[in-house]
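Residues per chain are reported as follows:
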Amino acid sequence: MVYTTPWNRKIEFGRTMVMGIINVTPDSFFADSRKQSVLEAVETAKKMIEEGVDIIDVGGMSTRPGSDPVDEEEELNRVIPVIRAIRSITDVPISVDTYRWRVALKALEAGADVVNDISGYQFEPDIVKVVSENNSPYVLMHIKGTPKTMQENPHYEDVVKEIKEYFSEKIEHLKEKGVNQIVLDPGIGFGKRYEDNLEILRRIDEFKEFKLPILIGASRKSFIGITLGNVPPEERLEGTLAVTAYCTMKGVDIIRVHDVLPNKRVIRMMEAILWQRL
């Protein structure tokens, strides 16, 4: 399967790819991912490119549990100069991590390729029109609530079943609106309990019934910290790498991570074991 971006770049699925996170924010949950200037973001992007990143994900607003949104103008001021600057040095696909349609539009105009929307177009439905008109790949994520409220006692009878029902409804609507290049993200940590996150990973194969690429964003998240003895984000790399190894074995298409090189190496080793692929 190959997706084509608005800039005619190709994203070819068939092996596990790494999406590297660049947070142009002062308050993302993992301090080392925070980039406070265009120069700092570009230097991070250069390092990621050297390490073999497949997609660079740029976001200008923290969506950690309990966070408040920044205003739209501030998000634009953070994100657009960074996308322009990164685009000037590389042809690696860039995704914009936003749920706002104006930010998505300006990002695509600045050289971004993919819209990565945590809200599943619930917060600003007009983002669907932007994606459709630009023929952009779209990451459809599951979330319950908003970043501010999502961890206030979320509950599921069957988390995978409910996410699949959500995807079925959303995919049908997107395709009716002309959006066909869809990536599914079950939303690890977004309105999920500890056990829900593990259940999603345990049953990841069930999402393959949609015959669409799957993205997992588990990097350094709290369920890993809990599993490892309530350690902080700075001590969650090994747990993240375990999730990456598991996802590679399960054929997950994209892993969204803070640490490109160690995750790329884990994927390469897993692929060699599983398929003798270098």
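Conventions adopted
The numbers attached to residues start from 1 for each chain and follow its sequence in the written order. Restriction of local features to residues with pLDDT of at least 70 applies here, the model being predicted, together with a cutoff of 80 or more for giving and counting side-chain atom pairs; totals for whole chains, interfaces and linings are based on all residues. Water and hydrogen atoms were dropped before computing side-chain values, which therefore reflect all heavy atoms in the structure. UniProt positions are given in the numbering used here, feature names are shortened, and annotations may be inferred rather than shown by experiment. Runs of E in the DSSP output that reach at least two residues are strands. Runs of H or I that reach at least four are helices, and both are numbered from the N terminus. Expected helix span is computed as 1.5 Å times (number of residues minus one). Only protein chains enter the area calculation, which uses a 1.4 Å probe; residues under 20% of their type maximum are buried, those over 50% are exposed, and those in between are partly exposed. Two residues form a contact once any of their heavy atoms are found within 4.5 Å. Each salt bridge in this description consists of a side-chain nitrogen of Lys or Arg and a carboxyl oxygen of Asp or Glu lying within 4 Å of one another. Axes here refer to lines fitted to C-alpha atoms; in helices the fit is confined to the stretch in contact. Angles between the N-to-C directions go from 0 to 180 degrees. Note on terminology: angles under 35 degrees are roughly parallel, angles over 145 are roughly antiparallel, angles of 65 to 115 are roughly perpendicular, and the others are oblique. Charged means Asp, Glu, Lys or Arg here, nonpolar means Ala, Val, Leu, Ile, Met, Phe, Trp, Tyr, Cys or Pro, and polar covers whatever is left, Gly included. Two strands make a pair as long as DSSP finds a minimum of two bridges between them. Crossing handedness is defined as follows: a turn of the near helix away from the far one that is anticlockwise and smaller than a right angle gives a left-handed crossing, while the clockwise case is right-handed.

An unreviewed UniProt entry lists the chain under the name dihydropteroate synthase, with Thermotoga petrophila given as the organism. Reading the Pathway (unreviewed entry) entry of the UniProt record for the chain gives the comment "Cofactor biosynthesis; tetrahydrofolate biosynthesis; 7,8-dihydrofolate from 2-amino-4-hydroxy-6-hydroxymethyl-7,8-dihydropteridine diphosphate and 4-aminobenzoate: step 1/2." In the Catalytic activity (unreviewed entry) part of its UniProt record, the chain is described as follows: "(7,8-dihydropterin-6-yl)methyl diphosphate + 4-aminobenzoate = 7,8-dihydropteroate + diphosphate".

A.B. asks: Help me understand helix H8 (residues 237-249) in this model?
C.D. replies: One turn of an α-helix holds 3.6 residues; hence residues three or four places apart share an orientation. Relative to the 18 Å expected for 13 residues at 1.5 Å per residue, H8 spans 18 Å between its end C-alpha atoms, a close match to the ideal helical length. Within H8 the residues assigned to the buried category are Gly239, Thr240, Leu241, Val243, Thr244, Ala245, Cys247 and Thr248. Residues of H8 that are buried sit in contact with helix H6 (194-202), strand S9 (215-216), helix H7 (222-227), strand S10 (254-257) and helix H9 (260-275). Two residues or fewer past H8, glycine 251 is found with a positive phi of approximately 80°.

A.B. asks: Got a minute to help me understand unusual backbone geometry in this structure?
C.D. replies: The phi dihedral of arginine 220 is positive, around 60°, even though this residue is not glycine. Mapped onto the secondary structure, arginine 220 falls in the loop between S9 and H7. With a phi angle near 60°, asparagine 230 is a residue other than glycine that sits in the positive phi range. On the secondary structure map, asparagine 230 appears in the loop between H7 and H8. By relative accessible area, which is 64% here, asparagine 230 ends up exposed.

A.B. asks: How should the pattern of salt bridges be read in this particular structure?
C.D. replies: Two side chains with opposite charge may pair up if their charged atoms get near one another. Following the criterion strictly, the structure yields 26 salt bridges and no others. For lysine 164, the salt bridge goes to glutamate 206, with nearest N and O atoms at 3.3 Å. Of this pair, lysine 164 sits in helix H5 (residues 159-176) while glutamate 206 sits in the loop between H6 and S9; the two residues are 42 residues apart in sequence, bridging distant segments of the chain. With a relative accessible area of 16%, lysine 164 lands in the buried category.

A.B. asks: How do you make sense of the packing of H5 against H6 when you look at a structure like this?
C.D. replies: A pair of packed helices is characterised by two quantities: the angle between their axes and the separation of those axes. Two elements in contact, H5 and H6, have axes whose closest approach is 9 Å; the angle formed by their N-to-C orientations is 70°. Classified by the angle between their axes, H5 and H6 sit roughly perpendicular to one another. Residues Val159, Val160 and Ile163 of H5 lie in contact with H6, whose contacting residues are Asp196, Glu199 and Ile200. Here the residues of the contact of H5 with H6 are counted per class, giving four nonpolar, no polar and two charged.

A.B. asks: Is there a simple way to explain the sheet that holds strand S6 (residues 114-117) in this structure?
C.D. replies: Strands in a sheet are paired, the pairing made by backbone hydrogen bonds, and the direction either parallel or antiparallel. Read from one edge to the other, the open sheet built from eight strands follows the order S8-S7-S6-S5-S4-S3-S10-S9, with strand pairing classed as parallel. On the outer flanks of this sheet lie strand S8 (182-185) and S9, each paired with one strand and no other. Sheet topology places strand S3 (residues 17-23) next to strand S4 (residues 55-59); five bridges connect them, and they run parallel. Across the sheet, the residue bridging to isoleucine 22 is valine 58, located in S4.

A.B. asks: Can you help me understand the packing of H8 against H9 in this one?
C.D. replies: Taken N-terminus to C-terminus, the directions of H8 and H9 make an angle of 35°; their axes are 9 Å apart at the nearest point. Viewed along their axes, H8 and H9 form a crossing whose handedness is right-handed. Contacts between H8 and H9 pair Leu237, Thr240, Leu241, Thr244, Ala245, Thr248 and Met249 from the former with Pro262, Asn263, Val266, Ile267, Met270, Glu271, Leu274 and Trp275 from the latter. Considering only residue class, the contact of H8 with H9 consists of ten nonpolar, four polar and one charged.

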